[in-house]
Amino acid sequence: MPQYSSAEDYYQAGLAALDDWSTRQDAIALFQQAVELDPEHLDAWYALAKQQQEAADYAGALAACDRILTLNPDHSQAWACRAAALHDLQRFAEAIDSYERALAGFADLPDVELLDHCSLWANRGSLLAHLGRPEDAIASYDEAIALLEAEDDPENDQTLGSYYGDKGNILFSLERYVEAIDTYNQAVFLEATAQENRYKAYVRLGREQELLDAYDQQLSEFPEADNSPNQYGETPDWIWRQKGDVLMQAERYEEALVAYQKAFELNPDCHDLAVNDALGKLNYPEHEVFALLLENYDRALGNYPDNAQLWYKRAMLLSTQPNQAEAALESFDRSLAIDSSDVGCWYNRALLLTKLQRLEEAVISYERALAIDPDNESCWHNQALLLEQLGRYEEALNCYDRLLDIYSRTKPPKAASWVRDKQTELLRRIERREDHS
């Protein structure tokens, strides 16, 4: 660490360390030096507390905050830092008190950051909801929302949406569904849980058709089979997906399946898991599910024949059927012809070849996977087992050596014991083979 003559120099060096993307620990050490030289350097104490809190050194952060508050009981930023540390420690009653003390003077700070101010109200709201004080929590979120809306900056839409979502979720939990819907609908952006609760609220009020009609109106404004975004950045596949999600909540699973399939046809890189969810609710026989999914992939590949992931997903589907192994291998090969860097594809191709007892080909497939990902322990393990079956014991030993090397870097020492046991067994086999030769 560089040596400086004053606390201020250490403080400025700590700030510079953060600005230059040095490690947080370097900055913390410099701030500690600053406060040792000048125990009343409030800025250095606050910088130290903030970095300790972000590094999850909560005891250190609380000690630094307490030192600041001894010197200046109205230091709002120290109260905010203290609140965050106590919140993370789940010392909720103390955290609420610190949030209150922080907010009492936060708005009057010079150059106060809007998002910092908003987050104080929102974090307080989150904690109040957790403590079973929903009305107080809603009021806290209203403060955060009012601050952001007064700024009227589109860059804050995502943060604003998360606050509307959190407030809506509290109203939803209170079964105040009309208010929850009104709250959700004020957000440009909603996170996944809030979006799902929004659908549920409409369904529980028997108003899901309002959403479905709105989605149909949106879809009617797009050209047929065109998945280009509109002026709001919405694409038809996501509108079909949202429609399907509403139908799932309404337990209209057949219609949801149709919507999800439409979404998948428009964007085959997404939505196939949603199709699976709908099929799971419909309890179709296994052979019908297989046929429908295969038809989906084949139709999509008709439009996107160079999509490696589609060929891979088709191969994985086919590999679940004992009479479709050759077709699965062909799909794996088609995927790899487009993208030969897919480790998962090489790996699952090797598993299928092993099942078919085409062991030499499986070994080659694992070799290709390991050339791309040399630390893939599953590949090394399976390769070792294959080479044992083929009587290639020396090569199997090398595979176990590679596993030990990986484990030495990634696993606790006891995890390697089974590998050493395998090596000992293989060495005995080699000795017996040499004795009989």
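Engineer: Looking at this structure, how should I read the pattern of salt bridges?
Structural biologist: Note on pairing: side chains with opposite charge can pair once their charged atoms come close. One pass over the structure, following the stated rule, counts 28 salt bridges. Residue Glu-210 pairs with Arg-207 through a salt bridge whose shortest N-O separation is 2.7 Å. Since its relative accessible area comes to 44%, Glu-210 is described here as partly exposed. Among the residues examined, Arg-207 registers a relative accessible area of 25% and is labelled partly exposed. The residue Glu-394 makes a salt bridge to Arg-433 at a minimum N-O spacing of 3.0 Å. With Glu-394 in helix H22 (residues 393–410) and Arg-433 in helix H23 (residues 417–436), this pair connects stretches of sequence that are 39 residues apart. Given a relative accessible area of 40%, Glu-394 falls into the partly exposed group. Each of the salt bridges in this network shares a partner with another, and the network as a whole consists of Glu-388, Lys-422, Glu-425 and Arg-429.

Engineer: Please clarify how helix H16 (residues 286–303) should be interpreted in this entry.
Structural biologist: Note: α-helices contain 3.6 residues per turn, so residues at a spacing of three or four share the same orientation. Compared with the 26 Å implied by 1.5 Å per residue over 18 residues, the 26 Å span of H16 between its first and last C-alpha is a close match. Turning to H16, its buried residues are Val-289, Phe-290, Leu-292, Leu-293, Leu-294, Asn-296, Tyr-297, Ala-300 and Leu-301. Taken together, the buried residues of H16 touch helix H14 (253–266), helix H15 (272–282) and helix H17 (308–318).

Engineer: Explanation requested: the environment of Pro-236 in the structure shown.
Structural biologist: Counting through the fold element by element, Pro-236 comes out in helix H13 (residues 236–249). What makes Pro-236 buried here is its relative accessible area of 5%. Considered as a pair, Pro-236 and Tyr-400 are 164 residues apart in the sequence and their alpha carbons are 51 Å apart. In contact with Pro-236, other than residues within four places in its own chain, are Leu-219, Phe-222, Asp-226, Asn-227, Ser-228 and Leu-266.

Engineer: Please clarify how the side chain of Gln-321 should be interpreted in this entry.
Structural biologist: Within the secondary structure, Gln-321 is located in the loop between H17 and helix H18 (325–338). The exposure class of Gln-321 is buried, given its relative accessible area of 17%. Setting aside its immediate chain neighbours within four residues, Gln-321 contacts Glu-286 and Phe-290.

Engineer: What is the right way to read the side chain of Lys-243 from this model?
Structural biologist: Following the sequence through the fold, Lys-243 ends up in helix H13. In terms of polar contacts, Lys-243 uses its side chain to reach the side chain of Asp-216, at 2.7 Å. Those residues in contact with Lys-243 that sit more than four places away from it in its chain are Leu-212, Tyr-215, Asp-216 and Ala-259.

Engineer: What is the right way to read helix H1 (residues 7–19) from this model?
Structural biologist: For H1, with 13 residues, the first-to-last C-alpha span of 19 Å sits near the 18 Å given by 1.5 Å per residue. Taken as a whole, H1 has its buried residues at Ala-7, Tyr-10, Tyr-11, Ala-13, Gly-14 and Ala-17. Looking straight down H1, one finds that the buried residues subtend no more than 160° of arc, so they occupy a single side.

Engineer: Please clarify how the packing of aromatic side chains should be interpreted in this entry.
Structural biologist: The geometry of an aromatic ring pair is captured by two quantities: the separation of the ring centres and the angle between the planes. For the coordinates displayed, the defined rule picks out 8 aromatic pairs. Aromatic side chains Tyr-347 and Tyr-366 sit 5.9 Å apart centroid to centroid with 65° between the ring planes, which places their arrangement in the edge-to-face category. Here Tyr-366 lies in helix H20 (residues 359–372) and Tyr-347 lies in helix H19 (residues 343–355), a separation of 19 residues in the sequence. A relative accessible area of 22% means that Tyr-347 is categorised as partly exposed. For Tyr-366, a relative accessible area of 1% gives the class buried.

Definitions and limits used
Residues numbered from 1 in each chain as written. Predicted model: local features only at pLDDT ≥ 70, side-chain atom pairs only at ≥ 80, totals over all residues. Heavy atoms only, no water. Salt bridge = Lys/Arg side-chain N within 4 Å of Asp/Glu carboxyl O. Buried < 20%, exposed > 50% of the residue type's maximum accessible area, 1.4 Å probe, protein only. Helix = DSSP H or I, 4+ residues; strand = E, 2+ residues; numbered from the N terminus. Expected span 1.5 Å × (residues − 1). Contact = heavy atoms within 4.5 Å. Polar contact = N/O pair within 3.5 Å; in protein donor to acceptor, adjacent residues only side chain to side chain. Arc of directions from axis to C-beta. Phe/Tyr/Trp six-rings, centres within 6.5 Å; stacked < 30°, edge-to-face > 60°.

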